[in-house]
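Residues per chain are reported as follows:
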Amino acid sequence: MKLFSFSKIFWLTGILLVFSSCFKDLDTVPTDKDELTSAAVYEDPANYKKVLARLYSGLAVTGQQGPAGQPDISGIDEGFGQYLRMYWYLQELSTDEAVIGWNDATIQDFHKQNWSSDDGFIYACYSRIFYQVAICNEFLRETTDAKLDSRNVDAGLRSDIKTYRAEARFLRALSYYHALDLFRNVPFVTEEDEVGAFFPKQISAADLYTWLENEIKAFEPDMAAPRSNEYGRADQAAAWMLLSKLYLNAEVYVGKNAYTDAVTYSKKVIDSGYELEPNFANLFLADNNKSKEIIFPITFDGVHTRTYGGMTFLVHAPVGGSMSASDFGLDGGWGGIRTTSAIVNKYPAAGSGGSIIVAANQGNTGYPVVNVPGDFQGWDPALTTTVLSSPNSDDKYEGYFWLNAGAMFKFALGSWDTNWGDTGADGTLDAGGDNITVAEDGFYKINVDLGALTYTILKTDWGLIGSATADGWDSDQNMTYDATDNTWNITTTLVAGEVKFRANDAWDLNYGDDGADAILNEGGANIAIPENGLYAIKLYLDSPDHTYSIEKMATESDTRNQFYTNGQNLEIADISQFTDGYAVAKYKNVTSTGAPGSDQTFVDTDFPMFRLADAYLMYAEAVLRGGAGGDQATALQYINDLRTRAYNGPTGNISSADLTLDFILDERARELLWEGHRRTDLVRYGQFTNGTYLWPWKGGVAAGSAVDECRDVYPIPSQDLNANNNLKQNGTGCY
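In this text the structure is predicted, and so the values were computed from the model without any measurement. (Residues numbered from 1 in each chain as written. Predicted model: local features only at pLDDT ≥ 70, side-chain atom pairs only at ≥ 80, totals over all residues. Heavy atoms only, no water.)

Caption draft 1: Quick peek at the pattern of salt bridges. Tallied over the entire structure, the rule returns 40 salt bridges. Among the ionic pairs, glutamate 167 bridges to arginine 233, the shortest N-O distance being 2.6 Å. Pair noted here: glutamate 167 is in helix α6 (residues 155-183) and arginine 233 is in the loop between α7 (205-219) and α8 (236-248), with a separation of 66 residues, a long-range link. Accessibility assignment for this pair places glutamate 167 and arginine 233 in one class, buried. Among the ionic contacts, a cluster of salt bridges with common partners joins Glu293, Asp558, Arg560, Lys586, Arg611, Arg643, Arg645, Glu667, Arg670, Glu671 and Glu675. (Salt bridge = Lys/Arg side-chain N within 4 Å of Asp/Glu carboxyl O. Helix = DSSP H or I, 4+ residues; strand = E, 2+ residues; numbered from the N terminus. Buried < 20%, exposed > 50% of the residue type's maximum accessible area, 1.4 Å probe, protein only.)

Quick look at the structure:
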């Protein structure tokens with residue numbers, strides 16, 4: 001969710017035009033009263049924070065208007081030329097984690113690992129990185145002590161500006177880190193360079209690494225303490241995460257073993273007060289701003305930060321085929337990105353070979369019924385499929401079904417000749433009375449007594465409780481409603497014991513099984529769970545007799561396995577076909593309560609650039625690579641903490657013998673899928689380009705093939721090489 005609001009600020013004429021054709025002229029006369037010129041922007045004390053917000057927003061939006069119009073950079077389409085979208089393309093489409101079905105320009109070259117220095121997508125990413133550097137430099141130039149003295153800035157604001165400057169330096173360091181990781185030897189400019197038209201010199205990867213290390217350590221003390229800053233703004237833990245990443249990859253970047261430093265700084269992050277999100281899926285929803293795990297997000301808001309890149313892209317583009325866009329809080333899917341079988345196969349096949357402990361029992365389907373015609377399914381009683389049943393044939397009827405807020409209905413006996421509504425909304429049935437309605441979405445239990453002419457409506461949420469569950473008889477394990485088959489479901493680890501189903505975390509309405517025949521009885525006997533294990537349980541309340549099923553799953557279930565498979569082929573015969581390759585249902589524009597985001601086109605979901613789980617994984621890898629100051633027992637505990645969350649219990653935990661570097665690489669793929677880490681990880685492991693690890697269509701071959709290892713680094717775009725004689729190309733033999 002968006003944190004800052006900011007006026008439209010046209011930047012000072014002094015913003016360094018680092019690349020001759022990349023950036024538009026920023027010395028613009030405003031036509032909007034809310035737009036501030038370079039002459040006035042820093043005169044107002046309130047604008048310092050607004051400009052800081054603009055620096056953060058450079059990771060999310062593409063211009064002064066959004067989603068398009070008044071772009072920051074000319075010559076680049078704002079939809080695909082957004083910072084996160086371009087970074088994601090380069091980090092994910094070139095790996096086993098993602099393919100894209102579109103045929104825009106050279107986009108298919110990424111998965112083929114066959115790009116050139118003329119590639120427009122690479123140029124867009126490169127330009128975004130250095131535009132971000134440029135605006136951070138300009139903020140730092142305008143907030144020196146000398147500039148603040150000239151404006152008579154008071155001591156209180158100066159204290160805030162000191163923190164703002166540290167955050168601007170963090171944002172610049174983040175972009176320079178991306179430049180180092182993607183391109184290695186790049187142009188280099190700081191606030192110390194004079195403003196004007198000149199060609200930046202190229203810095204070596206070794207010197208940029210050293211500058212980043214010293215720079216982060218220099219500004220880190222001036223940043224807010226961990227978890228003390230406003231959401232969306234970086235704190236010291238974000239700086240430590242950036243150092244951890246720099247050190248973990250130092251051997252690749254500069255041939256330096258810095259794993260001890262990686263252990264040190266990842267441990268500082270782990271001990272900083274951030275906490276693992278209990279529910280993995282909540283990290284990727286429209287209210288993920290509530291999570292205590294996300295250390296540094298790129299924030300988005302469906303109303304205020306509109307872009308066709310960023311999370312709008314990452315939520316829309318994976319939705320297609322038979323997927324329901326509304327389930328993702330969207331007005332439609334874009335049918336673009338999927339994953340490969342190489343990634344799918346890293347997850348256990350949940351439920352394969354399971355054994356049925358209790359099979360659902362259809363029971364008696366011949367009870368007398370009363371129809372429930374309504375606007376949610378049709379007003380013809382004779383065609384209405386939703387009915388209430390009378391198990392005792394005593395004019396007392398009951399049934400469960402889902403109703404949306406505002407739904408209207410009545411009760412009828414086969415036709416409108418005999419029907420009841422409620423005139424006065426007092427719970428009393430009136431022949432031919434007014435329509436009955438509900439105030440909110442929910443799964444409702446409806447009881448009708450035609451003898452007494454009364455009815456009740458109860459909204460229910462269902463849970464599993466008992467000695468077999470993690471919390472025993474003290475609290476429920478929440479079940480999830482599945483509208484597809486009208487069931488309540490849970491997959492959870494149980495121990496030998498007993499369970500029951502109950503509604504609304506209370507004993508007023510609960511079901512057991514008196515006859516051990518899978519027919520549920522209100523207030524009935526406890527249901528036996530014969531042994532420890534992972535169980536998939538379904539509750540069927542759509543019609544009396546109510547029933548349930550229990551399956552003991554033979555294979556562990558990793559809840560991070562969020563693939564959509566209905567109508568999708570595991571293997572990819574044709575990348576252009578969305579149904580080839582499993583879809584990834586990870587990112588959604590709905591909240592943890594199921595409510596849609598504020599807009600169905602532009603999403604509220606934030607991108608978790610840094611989160612605590614990554615620090616756990618970095619610590620474990622650095623220890624295994626020989627980093628001092630840590631230990632394998634702690635590393636194992638951190639990995640099992642992640643897997644306990646993923647498996648809803650200890651069934652997925654590993655032993656010390658399982659904790660290998662190869663396991664860590666696969667675990668990073670499972671935990672951090674589509675979070676922008678995969679290319680960096682594969683390069684660090686020496687598996688990005690060579691033949692030690694192949695995936696479908698790597699190198700443009702269906703079975704996968706090796707490519708030249710010089711493609712571990714992206715090329716300096718030819719546009720910048722042609723404009724700046726100080727630059728030399730990266731990637732010997734490739735570009």
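Caption draft 2: Structural detail: a nonpolar patch on the surface. Nonpolar side chains collect at one region of the surface, where Trp379, Met408 and Trp416 lie side by side and expose about 260 Å² of accessible area between them. With respect to the helices, strands and loops of the structure, methionine 408 is situated in strand β10 (residues 408-409). (Patch = residues over 30% accessible without salt bridge, like charges linked within 9 Å, V, L, I, M, F, W, Y side chains within 5 Å. Areas by Shrake-Rupley, 256 points an atom, 1.4 Å probe, with all protein chains shown as cover.)

Caption draft 3: Just the nonpolar core, in detail. Tyr89, Phe170, Phe183, Phe296 and Phe610 are the most contacted members of the largest nonpolar core, which totals 156 residues. Considering every element that reaches this core, the biggest residue donor is α6, with 15 residues. Contacts of phenylalanine 183, omitting those with residues within four sequence positions, involve Leu90, Ile122, Tyr126, Ile129, His178, Val713, Tyr714, Pro715, Ile716 and Asn730. Residues Ile490, Ala503, Ile529 and Tyr535 belong to the second largest nonpolar core, which totals 26 residues. (Core = buried A, V, L, I, M, F, W, Y, C linked by side-chain atoms within 4.5 Å. Contact = heavy atoms within 4.5 Å.)

Caption draft 4: Representation of the side chain of aspartate 181 within the structure. Checked against the element boundaries, aspartate 181 lands in helix α6. With near-sequence residues (within four places) excluded, aspartate 181 lies in contact with Gln91, Tyr253, Arg679 and Thr680.

Caption draft 5: Geometry of the packing of aromatic side chains. Counted according to the given criterion, the structure contains 45 aromatic pairs. Taken together, a centroid distance of 6.1 Å and an interplanar angle of 65° make the contact between tyrosine 400 and tryptophan 462 edge-to-face. On the criterion of sequence distance, the pair formed by tyrosine 400 in strand β9 (residues 396-403) and tryptophan 462 in strand β17 (residues 462-465) is long-range, its members being 62 residues apart. Sitting over the face of the ring of tryptophan 507, arginine 502 holds its NZ or CZ atom 4.7 Å from the ring centroid. Sitting over the ring of phenylalanine 663, arginine 670 keeps its end group 5.3 Å from the ring centre. (Phe/Tyr/Trp six-rings, centres within 6.5 Å; stacked < 30°, edge-to-face > 60°. Lys NZ or Arg CZ within 6 Å of the ring centre and 35° of its normal.)

Caption draft 6: Up close: the side chain of glutamate 277. Position of glutamate 277 among the secondary structure elements: in the loop between α10 (259-270) and β4 (294-298). Nearest to the buried, unbridged glutamate 277 among oppositely charged side chains is arginine 645, at 6.6 Å. Ignoring any residue separated from it by four or fewer positions in sequence, one finds glutamate 277 in contact with Asn282, Leu283, Ser291, Lys292, Glu293 and Arg645. (Lys, Arg positive; Asp, Glu negative; His and termini not counted.)

Caption draft 7: Layout of the state of the cysteines. Tallied over the entire structure, the rule returns one disulfide. Here cysteine 710 engages in a disulfide with cysteine 734; their sulfurs sit 1.7 Å apart. Every disulfide takes its handedness from the sign of the S-S torsion; for cysteine 710 and cysteine 734 that torsion is 70°, giving right-handed. Of the two residues, cysteine 710 is situated in the loop between α16 (678-684) and α17 (718-723) and cysteine 734 in the segment after α17; the sequence distance between them amounts to 24 residues. Of the two residues, cysteine 710 and cysteine 734, both sit in the buried class. (Disulfide = S-S within 2.5 Å.)

Caption draft 8: Structural context of empty space enclosed by the protein. Within the structure shown, the criterion is met by four cavities of 30 Å³ or more. Here the largest cavity is characterised by a volume of approximately 170 Å³. Lining the largest cavity are 20 residues, and of these Tyr87, Tyr177, Lys245, Gly676 and His677 sit closest to its centre. When residues of the lining of the largest cavity are traced back to their parent elements, those giving at least two are α2 (83-93), α6, α8, β29 (607-611) and α16. Broken down by element, the lining of the largest cavity gets its largest block of residues, four residues, from α6. (1 Å grid on protein atoms, 1.4 Å probe; cavity = no way out; pocket = protein on both sides within 12 Å on 5 of 7 lines; lining within 4 Å. Points joined across faces, edges and corners; volume = space filled by probe spheres on them.)

Caption draft 9: Fine view of α6. With 29 residues, α6 ought to run about 42 Å at 1.5 Å a step, and its terminal C-alpha atoms sit 41 Å apart, in line with that. With 21 of 29 residues buried, α6 lies mostly within the body of the structure. In the segment just after α6, arginine 184 is the residue with positive phi, at about 70°. (Expected span 1.5 Å × (residues − 1).)

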